[in-house]
Amino acid sequence: MGAHRRKCDWCGSGTPIVRDMEPVNTDYQYWCEECARALIIKGDPIETYRELEGEPIYGRLLEDHCTLKRFYSFVTA
């Protein structure tokens, strides 16, 4: 399945913008913008991730909504 056809693993409808590279549950690796924002606001952000859209959308979400300044890893390739 191509990335353009994949849906968010949580809500099942959104287009994924980020992939969790070290998921606790492998059923939930791909996250749309809304679900990823909810994770950050809840206090459970993705720590090791790969941006899928070519733009740092998830990185901006972390900057805008993350109150805990942990070390996050952006994974390329």
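Everything numeric here is computed off the predicted structure, so don't read it as measured data. (Residues numbered from 1 in each chain as written. Predicted model: local features only at pLDDT ≥ 70, side-chain atom pairs only at ≥ 80, totals over all residues. Heavy atoms only, no water.)

(A) Expanded view of the overall build of the chain. When its secondary structure is counted, the chain shows two helices and four strands. Per-residue burial over the chain gives 35% buried out of 77 residues. Put simply, 45% of the contacts in the chain that link residues at least 6 apart link residues at least 24 apart. When the accessible area of the chain is evaluated, it comes to approximately 5,100 Å², of which 49% is carbon and sulfur surface. (Helix = DSSP H or I, 4+ residues; strand = E, 2+ residues; numbered from the N terminus. Buried < 20%, exposed > 50% of the residue type's maximum accessible area, 1.4 Å probe, protein only. Contact = heavy atoms within 4.5 Å. Areas by Shrake-Rupley, 256 points an atom, 1.4 Å probe, with all protein chains shown as cover.)

(B) Expanded view of helix α1 (residues 33-42). Among the residues making up α1, those that are buried are Cys35, Ala36, Arg37, Leu39 and Ile40. Contacts made by the buried residues of α1 are with β1 (16-20), β2 (30-32) and α2 (57-65). Backbone geometry just downstream of α1 places glycine 43 in the positive-phi region, at approximately 100°.

(C) Spotlight on the packing of α1 against α2. Relative orientation of the contacting elements α1 and α2 amounts to 35°, with a least axis distance of 10 Å. The handedness of the crossing between α1 and α2 is right-handed. Residue-level contacts link Glu33, Ala36, Arg37, Ile40 and Ile41 of α1 to Ile57, Tyr58, Leu61, Leu62 and His65 of α2. Residue composition of the contact of α1 with α2, grouped by class: seven nonpolar, one polar and two charged. (Axes fitted to C-alpha atoms, helices over the stretch in contact; angles between N-to-C directions. Left-handed = near helix turned anticlockwise from the far one by under 90°. Nonpolar A, V, L, I, M, F, W, Y, C, P; charged D, E, K, R; others polar.)

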